[in-house]
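Residue-level listing of the chains:
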Amino acid sequence: MPAPPRTIGPLQQVKLALEAGTTAESVALTPQPIAYEFIFGLGAEGLVPFERALADRRVGEQISLRLDPRGLQAAFEHLPLPGILLPARAADLFLRVTVVAVEPADQREVIRQLARRSACGGDCGCGCGGH
């Protein structure tokens, strides 16, 4: 019997492909998908908005998100911001997110990420080391 597809949940290494545009129909900001990877559920205050949108998604699923470019830091909080260059006057950022892989996170990597966050020297207050 084949194993059920993995879903995104706590302490899973999540690999995504991100495409971005300034409208829901366009991905003009990313000529090709951007690889984005993180460990799900490591935030000190719980899931961040970006993680909440991804919770329980399966490999192969695709979702679309509409984000305020001025609120990207709030949407990602402790997660690294994806490297997307936005036009100066962009009112919205639309992300097409495809779940590429979900696997258990390496415990050493979990500890390394948590330790890095606890040694924050940034002034953002989230423990991320400054964005």
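Before any of the text, the structure's been laid out above.
Note that this is a predicted model, so its numbers are computed, not measured.

(A) Examining the overall build of the chain more closely. The helix and strand tally for the chain stands at three helices and four strands. Listing every helix and strand of the chain by position from the N terminus yields β-β-α-β-α-β-α. Counting over 131 residues, the chain shows a buried share of 37%. Of the contacts formed within the chain by residues at least 6 apart in sequence, a portion of 68% connects residues at least 24 apart. As displayed, the chain has an accessible area near 7,900 Å², and 53% of this comes from carbon and sulfur atoms.

(B) The arrangement of the pattern of salt bridges in detail. Applying the stated criterion across every chain, the model contains six salt bridges. A salt bridge links E103 to K15, with the nearest nitrogen and oxygen atoms 3.7 Å apart. On the criterion of sequence distance, the pair formed by E103 in strand β4 (residues 93-104) and K15 in strand β1 (residues 12-21) is long-range, its members being 88 residues apart. Judged by relative accessible area, which is 28%, K15 ranks as partly exposed. R96 is the partner of E19 in a salt bridge, and the nearest nitrogen-oxygen pair spans 3.8 Å. On the criterion of sequence distance, the pair formed by E19 in strand β1 and R96 in strand β4 is long-range, its members being 77 residues apart. Classification of E19 as buried rests on a relative accessible area of 17%. For R96, a relative accessible area of 24% translates into the label partly exposed.

(C) Highlighting the nonpolar core. The biggest cluster of nonpolar side chains holds 24 residues, and the ones touching the most others in it are L16, F38, F50, F76, L95 and V97. Excluding its chain neighbours within four sequence positions, the residues that come into contact with L95 are E19, A20, F50, I63, S64, L65, L67, F76 and I84.

What counts and how
- Residues numbered from 1 in each chain as written.
- Predicted model: local features only at pLDDT ≥ 70, side-chain atom pairs only at ≥ 80, totals over all residues.
- Heavy atoms only, no water.
- Helix = DSSP H or I, 4+ residues; strand = E, 2+ residues; numbered from the N terminus.
- Buried < 20%, exposed > 50% of the residue type's maximum accessible area, 1.4 Å probe, protein only.
- Contact = heavy atoms within 4.5 Å.
- Areas by Shrake-Rupley, 256 points an atom, 1.4 Å probe, with all protein chains shown as cover.
- Salt bridge = Lys/Arg side-chain N within 4 Å of Asp/Glu carboxyl O.
- Core = buried A, V, L, I, M, F, W, Y, C linked by side-chain atoms within 4.5 Å.

As far as function goes, none of this settles anything; it's purely spatial.
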